[in-house]
Amino acid sequence: MTKLFGGIEAGGTKFVCGVGNLDGEILAKTRIPTTTPADTLSRCVDFFEEQRAILSNFSALGIASFGPLDPRLDSVKYGHILRTPKKGWSDADLVSPFRDAFNVPIGFDTDVNGAALGEWHWGAAKGLSNFIYLTIGTGIGGGVMVNGELVHGLLHPEMGHIPLPKDDSAVSVCPFHDDCFEGLASGPAIEKRWGEKAEDIPVGHPAWEVEASYIARALRSFICTLSPERIILGGGVMQQAHLFPLIRQKILEELNGYMKLPKMDEYIVPVALEGKAGILGAFLLAERAL
Ligand code: ADP
Ligand code: ZN
């Protein structure tokens, strides 16, 4: 019988919970607003209790969460969110409530690692062993697969906080850095610089040239460091499809012929799973915990 998995995509505004399988079917799904950890997590537990009664027990549960978080199994802080500006969530334990309620293995990783796994299994990174998944939205985060494994290490990569050269009119929205990728190029950074929500800025506006330059500069660093076979770009800002050709062109200019890249429209690509990558990725995190 096809194994059933529980998955949670834990975000700053909502927790999406689902039950499904590795055929990519989502049999039940709900959206729970992110309030306090106690309230939010107990509502998630209730959802899985109900679904367990309706569907049947799931084999494992996967949690793909906003970070920073501790994914190291041998750490006392395993399963916790670390210090976060999200009020009330610093040090929140995301795993224990589910471990207490359901006697199943639990996988826990970043939302971007979850989404990267989803894209790898079903989407834009199928068949690859080395790729990067980058989301450019409220924040900028990246998941990296190297030789078939997601990169962890000290904790997990923080690709949004690499430094970028900034020009005089740039103002960073990152509380930690005045020159990082997320501070200069996330959705809120675009809004702060140009005085308009990113989704309201028209195609052809100078904001997009600037944005594409930041992204291309960051991708050049990632390409030179990690040698990805493909880079998948997602998140709200990348819904501006016209950014893709701009970014591809600027990467070629940045690298200046130094290395041979694949065909650019197969190298720098949009997500294939859209909003589903998070929850499907959580199922894969669950399966990996078995
Ligand atoms: P989150 O990062 O919170 O999960 P999103 O990936 O949707 O959610 O990112 C939200 C950010 O992306 C906001 O700053 C918003 O202004 C920006 N954004 C959302 N949709 C678009 C769009 N169509 N074009 C440009 N920017 C967008
Ligand atoms: Zn930063």
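Residues numbered from 1 in each chain as written. Chains lettered and ligands numbered in written order. Predicted model: local features only at pLDDT ≥ 70, side-chain atom pairs only at ≥ 80, totals over all residues. Heavy atoms only, no water.

What follows covers the overall build of the protein. Counting its regular elements, the protein contains nine helices and ten strands. When the 290 residues of the protein are sorted by exposure, 51% land in the buried category. Here the protein has roughly 13400 Å² of accessible surface; of this, 51% comes from carbon and sulfur atoms. Considering the protein, the positive charge centre built from 26 side chains and the negative charge centre built from 35 side chains are found 1 Å apart. (Helix = DSSP H or I, 4+ residues; strand = E, 2+ residues; numbered from the N terminus. Buried < 20%, exposed > 50% of the residue type's maximum accessible area, 1.4 Å probe, protein only. Areas by Shrake-Rupley, 256 points an atom, 1.4 Å probe, with all protein chains shown as cover. Lys, Arg positive; Asp, Glu negative; His and termini not counted. Charge placed at Lys NZ, Arg CZ, Asp CG, Glu CD.)

Turning our eyes to something else, we now look at helix α7 (residues 243-255). With 13 residues, α7 should cover 18 Å at 1.5 Å per step; its first-to-last C-alpha distance of 18 Å lies within 8% of that length. For α7, the secondary structure elements touched by its buried residues are α6 (206-226), β9 (231-234), α8 (264-267) and β10 (268-270). Positive phi shows up at N256, right after α7, with a value of about 55°. (Expected span 1.5 Å × (residues − 1). Contact = heavy atoms within 4.5 Å.)

With that out of the way, let us pick up the coordination of the zinc ion (ligand 2). Each donor-metal-donor angle would ideally measure 109.5 degrees in four-coordinate tetrahedral geometry, or 90 or 180 degrees in six-coordinate octahedral geometry. All of the protein donors around the zinc ion (ligand 2) are H161 (ND1), C174 (SG), H177 (ND1) and C180 (SG); their distances to the metal are 2.1 to 2.4 Å. Around the zinc ion (ligand 2) sit four donor atoms; with metal-centred angles ranging over 103 to 117°, the donor geometry is tetrahedral. Each donor residue of the zinc ion (ligand 2) lies on one chain, and together they are spaced H-x12-C-x2-H-x2-C. Judged by its relative accessible area of 0%, C180 falls in the buried class. (Donors = N, O, S within 2.8 Å, 3.2 Å for Na, K, Ca; no water. Tetrahedral: all angles 85-135°; square planar, octahedral: opposite > 155°, others 65-115°.)

What the five strands build is an open sheet, ordered β8-β7-β6-β9-β10; its pairing is mixed. Both edges of this open sheet fall to β8 (149-150) and β10, since each of them pairs with a single strand only. For strand β7 (residues 140-146) and β8, the ladder comprises two bridges, and the chain directions are antiparallel. Counted as the bridge partner of V146 is E149 from β8. Where α6 meets the sheet, it contacts β6 (131-136), β7, β9 and β10, and its direction lies at approximately 155° from that of β6. (Pairing = 2+ DSSP bridges. Axes fitted to C-alpha atoms, helices over the stretch in contact; angles between N-to-C directions.)

With that out of the way, let us pick up unusual backbone geometry. For the peptide bond that leads from G67 to P68, omega is 0°, which places it in the cis range. Residue position: P68 is located in the loop between β4 (60-65) and α2 (96-101). Phi is positive for S56, close to 160°, though the residue is something other than glycine. Mapped onto the elements, S56 comes out in the loop between α1 (37-54) and β4. Notably, N147 is not glycine yet its phi reads approximately 50°, a positive angle. Along the chain, N147 falls in the loop between β7 and β8.

Around ligand 1, the structure places G137, T138, G187, P188, A198, E199, G235, G236, V237, Q239 and Q240. One of the side-chain nitrogen or oxygen atoms of T138 is found 2.6 Å away from an oxygen atom of ligand 1. Taking Q240, its side chain carries an N or O atom lying 2.7 Å from a nitrogen atom of ligand 1. Per-class residue counts for the shell around ligand 1 are three nonpolar, seven polar and one charged. (Near = heavy atom within 4 Å. Polar contact = N/O pair within 3.5 Å; in protein donor to acceptor, adjacent residues only side chain to side chain. Nonpolar A, V, L, I, M, F, W, Y, C, P; charged D, E, K, R; others polar.)

A few words now on the domain arrangement of the protein. Partitioning the protein into domains gives domain 1 (5-111 + 278-288) and domain 2 (124-271). Computed over C-alpha atoms, the centres of domain 1 and domain 2 are 27 Å apart. In total, domain 1 and domain 2 occlude about 740 Å² of area from one another, counting both sides; carbon and sulfur atoms represent 60% of this. Among the residues domain 1 hides against domain 2, the three largest losses belong to R72, D109 and R288. Together they make up 40% of the total. On inspection of domain 1 and its partner domain 2, the count reaches zero salt bridges. (Domains from an automatic or database assignment. Buried area = accessible area lost by both parts, 1.4 Å probe. Salt bridge = Lys/Arg side-chain N within 4 Å of Asp/Glu carboxyl O.)

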